[in-house]
Amino acid sequence: MQQETTNIAKAQGLPLRLRAVLFDMDGVLYNSMPYHASAWHRAMAQFGYDLPEEEVYMHEGRTGTSTVNLVSRREHGVEVSDERVEEIYKVKSNFFNEFPPAEPMPGALSLLRQLKEQGLKILIVTGSGQRSLLDKLNVDYPDIFRRELMVTAFDVKRGKPDPEPYLMGLQKGELHPDECIVVENAPLGVRAAKAAGIFTIAVNTGPLPDEALLSEGADLLFPSMQALSDAWSELSGTLGK
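This is a predicted model, so every value here is computed, not measured.

(A) Spotlight on the packing of aromatic side chains. Throughout the structure, instances matching the rule amount to five aromatic pairs. On the basis of an interplanar angle of 70 degrees and a centroid distance of 6.2 Å, the ring pair of tyrosine 35 and phenylalanine 96 is categorised as edge-to-face. Taken together, the residues span a long stretch of sequence, with tyrosine 35 in helix α2 (residues 33–46) and phenylalanine 96 in helix α5 (residues 82–97) at a distance of 61 residues. Each member of the pair tyrosine 35 and phenylalanine 96 is classed as buried. On the numbers, 6.1 Å between centres and 90 degrees between planes, the contact of tyrosine 141 with phenylalanine 145 is edge-to-face. For the pair shown, tyrosine 141 and phenylalanine 145 are each scored as buried. By way of ring pairs, the aromatic residues Tyr30, Tyr141 and Phe145 are connected into one cluster.

(B) Main features of the pattern of salt bridges. Under the counting rule described, the total for this entry stands at 17 salt bridges. Between glutamate 216 and arginine 191 there is a salt bridge, with the nearest N and O atoms lying 3.0 Å from each other. Of this pair, glutamate 216 sits in the loop between α10 (210–214) and β6 (220–222) while arginine 191 is found in helix α9 (residues 187–195), placing the two residues 25 residues apart along the sequence. Overlapping salt bridges, with partners in common, bring together Arg17, Arg19, Asp178 and Glu179 in one network.

(C) Quick peek at the sheet that holds β6. Sheet architecture is open: six strands sit in the order β3-β2-β1-β4-β5-β6, paired in parallel fashion. This sheet does not close on itself; its edge strands, each paired only once, are β3 (150–151) and β6. Where strand β1 (residues 20–23) meets strand β2 (residues 121–125), four bridges bridge the pair, whose relative direction is parallel. Of the residues in β2, the one forming a bridge with leucine 22 is leucine 123. Most of the contacts of helix α6 (residues 108–117) go to β1, to which it runs at about 155 degrees, and overall it touches β1 and β2.

(D) Quick look at the environment of glycine 129. By the element assignment, glycine 129 lies in the loop between β2 and α7 (131–140). Between the alpha carbons of glycine 129 and threonine 152 there is a distance of 6.3 Å; along the sequence they are 23 residues apart. Ignoring anything within four residues of it in the chain, the contact list for glycine 129 reads Tyr89, Ala153 and Phe154.

(E) A look at the pairing of strand β4 (residues 180–184). β4 sits mainly inside the fold: five of its five residues count as buried. Pairing of β1 with β4, which is carried by four bridges, proceeds in the parallel orientation. Each bridged residue has a counterpart across the sheet, and for phenylalanine 23 the counterpart in β4 is valine 183. Strand direction decides the pairing type here: β4 and strand β5 (residues 199–203), joined by four bridges, are parallel. Note on β5: the bridge partner recorded for glutamate 184 is alanine 202.

(F) Quick look at α2. Between its first and last C-alpha atoms α2 spans 20 Å; for 14 residues at 1.5 Å apiece the expected length is 20 Å, and the two agree. Taken residue by residue, α2 has Met33, Tyr35, His36, Ala37, Ser38, Ala39, Trp40, Ala43 and Met44 as its buried positions. The positive-phi residue at the C-terminal boundary of α2 is glycine 48, with phi of around 90 degrees.

Calculation notes
- Residues numbered from 1 in each chain as written.
- Predicted model: local features only at pLDDT ≥ 70, side-chain atom pairs only at ≥ 80, totals over all residues.
- Heavy atoms only, no water.
- Phe/Tyr/Trp six-rings, centres within 6.5 Å; stacked < 30°, edge-to-face > 60°.
- Helix = DSSP H or I, 4+ residues; strand = E, 2+ residues; numbered from the N terminus.
- Buried < 20%, exposed > 50% of the residue type's maximum accessible area, 1.4 Å probe, protein only.
- Salt bridge = Lys/Arg side-chain N within 4 Å of Asp/Glu carboxyl O.
- Pairing = 2+ DSSP bridges.
- Contact = heavy atoms within 4.5 Å.
- Axes fitted to C-alpha atoms, helices over the stretch in contact; angles between N-to-C directions.
- Expected span 1.5 Å × (residues − 1).

Structure below.
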């Protein structure tokens, strides 16, 4: 409760004319990051690279190409071909799809329903190209998302932490930075959103310390999507005042 009270206090006086909320997907809408971490670790090991599961959380939000090349440069001093990236990502996707369907994140649906009742636009800005999750959105979150208001790995050349995904989200939503909020769980996602000039709420749904999110510039921090949902009514009442 103390953390939520602190968050409300920090939100007062923000020059926001709230029209929209932009959501990351993995770790925010779905409890899918443990699956991604395992799949990336196994796929990279199959091709002779070392990418520990814990490290995957720090790279969350990058495109597959960026993730593979980051590790390749570190271990071999070179980038790999687009064909090899595609091969690795296909293996990673196969490992990911071996897991049972990722569960919706507790609290996410209740928050989304509040936003929809308030007439706010709801966008997704994700570095994921995992079609199995993208296809699940309208099943688990019916009547919430529209394809024209989604930015995925298929839409951008530079993934998070580059601001391009969130700048594209602003463009698709016909929004100014001070008209929206981002909800992110990843350090690189927070960095990308802040670089795009957007007020950013971090939800620490994974194993990273809070400081990993706060040090990237998160404006507010909640321990879970449920905590954010529970605080939303009071929090949104302070925005723009």
